[in-house]
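Chain residues, written in single-letter form:
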Amino acid sequence: MHTKIGISNEIKASDHLVILADKDDFDWADLYLSNAQSKALMQAAADGLGHVHFPQVKRHVFVQFLKETSDETANREDARLAGAGLLKLVKHYKVKSLTVLNTCYNNCSLEFVEGMTLANYQFLKYFKDAKKRKSSLRKIALFKESASKKAVKSLKASIEGTELARTLVNEPLSYLTAEKLGEEIRAAGERYGFETEVLGMDKIQALKMGGLLAVNKGSIDPPTFSIMEWKPKNAKNSQPIVLVGKGVVYDTGGMSLKPTAKSMDFMKCDMGGAATVIGIFAAAASNNLPVHLIGLIPATDNRPGQNAYVPGDVVTMHSGSTVEVLNTDAEGRMLLADALHFAKKFKPELVMDFATLTGHAAMILGDQGICYMGNAEQSIKDKMERSGQEVYERLVEFPMWREFGDMLKSHVADLKNIGPRAAGSITAGKFLEHFTDYPWLHFDIAGPSYVFSPKGYQTVEGTGVGVRLIYDFLKNY
Ligand code: BES
Ligand code: ZN
Ligand code: ZN
């Protein structure tokens with residue numbers, strides 16, 4: 001599943017090669033081509049993002065053309081897509097390791113390797129013939145002039161975090177209960193070197209986390225509330241950045257059962273926000289990012305069983321505010337609210353939450369982007385959007401106008417858990433805002449966190465969206 005990435009200091013005659021080339025500026029003569037080969041090469045070059053394969057006696061040589069336009073964001077993304085595209089051929093020829101050599105003026109070899117590596121991710125745990133299905137490609141080396149050690153290390157960290165997030169999303173409820181998620185968090189902490197604490201039912205009850213407990217009432221499995229901390233000595237921030245992730249390990253909708261069986265098929269993805277946060281911690285810790293982070297993961301499944309919470313219930317939250325539940329399928333905000341209130345005690349300089357929160361967000365942007373909103377400073381939002389362009393996990397900001405908050409007024413409690421159908425993603429954000437008192441950003445990743453078929457370098461199901469975005473943001477923090 002995991003592709004090794006390294007730097008190679010020399011290219012041996014037996015090393016499989018990928019040459020990244022610009023069609024207008026490429027030394028064709030070096031390749032000693034036959035007429036037929038030159039023709040193929042010209043054709044590929046004309047196609048813009050084409051590639052050509054030259055089988056040699058001891059090795060395969062692939063020439064990959066990249067476009068070099070004035071739009072650098074698009075160039076970088078095209079390089080990632082080219083990496084994912086070429087992987088198909090690389091696997092077809094059962095290539096185990098290859099070296100990437102850049103000859104383009106604008107060096108996109110890191111992005112090319114990123115795309116190829118992310119596309120090479122597989123989740124084979126549940127296949128009897130997993131071995132047979134495994135990709136041949138195990139190792140990619142960048143020729144030393146094509147990338148620095150530092151850049152490769154950083155790339156490895158963000159890919160590893162993304163892969164971890166994908167795996168957690170891909171795990172079904174039959175494995176990944178709330179308690180198991182806690183164990184996975186503990187294991188990631190041990191592996192990457194961050195601190196963890198997993199609170200169980202007793203502590204959650206003692207803390208009066210009413211939102212998390214209400215959602216859990218319909219479940220046989222107990223909830224967990226996991227706390228992570230990454231605190232390097234050289235942290236740049238004096239107050240921590242808190243990352244909160246929705247950890248609904250399965251969402252049936254509860255008593256307000258989801259309207260169609262189909263819409264439940266992929267609801268193992270509803271801990272996508274938690275997966276993103278765990279992935280960010282893995283990436284940040286594995287590359288020693290100098291930022292002090294706290295992670296909070298409230299987790300449970302949402303079911304209509306047991307003594308399930310019902311529409312009309314009034315729940316007293318961890319903050320003391322009361323919530324009238326009018327739809328038990330709007331459960332994510334119930335547990336996120338408790339985590340957001342809990343975050344106050346860290347006196348954070350920034351809190352970011354990640355959640356597969358609303359179907360509306362997915363309706364608006366599909367899997368193409370992330371809806372986000374919040375009251376953090378404009379300069380933070382600008383940096384965030386720049387990171388979004390950089391890693392191609394693009395952001396669209398939604399407004400937080402007070403009228404949307406008015407839509408959550410209740411006759412019996414401090415607020416209700418749903419507004420009218422329209423503007424559903426925004427009222428969800430407004431609900432969360434009620435539990436914050438610090439600079440805050442909310443990311444609704446319901447659309448892009450899960451895809452139904454492979455797309456470019458995104459593999460089917462969990463995408464790990466948000467990990468590369470926030471890793472880039474924190475790297476530049
Ligand atoms: N987990 C869902 C949102 C979701 C939908 C995630 C599609 C991923 C893909 C969430 O808990 C939910 O059910 N939201 C409701 C809210 C509504 C009841 C106000 C929704 O979006 O319909
Ligand atoms: Zn729901
Ligand atoms: Zn949900």
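Below: a short report on this structure. Residue numbers restart at each chain and count upward from 1, following the sequence in its written direction. Working convention: letters from A go to chains and numbers from 1 go to ligands, in the order in which they are written. pLDDT decides what is reported in this predicted model: residues at 70 or higher carry local features, side-chain atom pairs at 80 or more are listed and counted, and totals for whole chains, interfaces and linings draw on all residues regardless. Note: side-chain values were computed over all heavy atoms of the structure, leaving out hydrogens and water.

A look at the overall build of the chain
Point 1. Elements are defined by DSSP. Helices are runs of H or I of four residues or more, strands are runs of E of two residues or more, and each kind is numbered from the N terminus. The secondary structure content of the chain amounts to 15 helices and 20 strands.
Point 2. The C-alpha radius of gyration computed for the chain amounts to 24 Å, which stays within 12% of the reference 23 Å derived for 477 residues, consistent with globular compactness.
Point 3. For the chain, the spread of C-alpha atoms along the principal axes amounts to about 80 × 50 × 45 Å.
Point 4. Whether two residues are in contact is decided by their heavy atoms: any pair within 4.5 Å suffices. Looking at the chain alone, contacts between residues at least 24 apart form 78% of all its contacts between residues at least 6 apart.
Point 5. Positive charges come from Lys and Arg alone, negative charges from Asp and Glu alone, with His and the N- and C-terminal ends not counted. In this description, the location of a charge corresponds to atom NZ of lysine, CZ of arginine, CG of aspartate or CD of glutamate. Across the chain, 57 positive and 55 negative side-chain charges occur, with their mean positions spaced 6 Å apart. Note that the radius of gyration is over C-alpha atoms, with the globule rule given as 2.2 Å times the number of residues to the power 0.38.

Some thoughts on the coordination of the zinc ion (ligand 2)
Six octahedral donors around a metal ideally subtend angles of 90 or 180 degrees, whereas four tetrahedral donors ideally subtend 109.5 degrees.
Point 1. At this site the zinc ion (ligand 2) is bound by Asp 251 (OD), Asp 329 (O), Asp 329 (OD) and Glu 331 (OE), with donor distances of 2.0 to 2.2 Å.
Point 2. Each of the six donor atoms around the zinc ion (ligand 2) contributes to a set of angles spanning 70 to 167°, which defines the coordination as irregular.
Point 3. Ligating atoms shown are N, O and S within 2.8 Å of the metal, or 3.2 Å for Na, K and Ca, and water is not included, meaning a site may look less than complete. When the donors of the zinc ion (ligand 2) are listed by position in the chain, the intervening gaps give D-x77-D-x1-E.
Point 4. Separation of the zinc ion (ligand 2) from the zinc ion (ligand 3) amounts to 3.2 Å, with Asp 251 serving as a shared donor to the pair. With Asp 251 in strand β10 (residues 247-251) and Glu 331 in the loop between β13 (322-324) and α10 (332-343), this residue pair connects regions lying 80 residues apart in the sequence.
Point 5. A relative accessible area of 3% means that Asp 251 is categorised as buried. Geometry assignment treats four donors as tetrahedral when all angles are between 85 and 135 degrees, treats four as square planar and six as octahedral when opposite donors are over 155 degrees apart and all others between 65 and 115, and treats everything else as irregular. Under the scheme applied here, a residue whose accessible area is under 20% of the maximum for its type counts as buried, over 50% as exposed, and between as partly exposed, the area being computed with a 1.4 Å probe on protein chains only.

Thoughts on the sheet that holds strand β12 (residues 314-316)
Point 1. Strand order in the open sheet made by the three strands is β12-β13-β17, with mixed pairing throughout. A single partner strand is all that each edge strand has here, and the edge strands are β12 and β17 (415-416).
Point 2. For β12 and β13, the ladder comprises three bridges, and the chain directions are antiparallel. Counterpart to Val 315 in the pairing with β13 is Val 323. Here the rule is simple: two strands pair whenever DSSP picks up at least two bridges between them.

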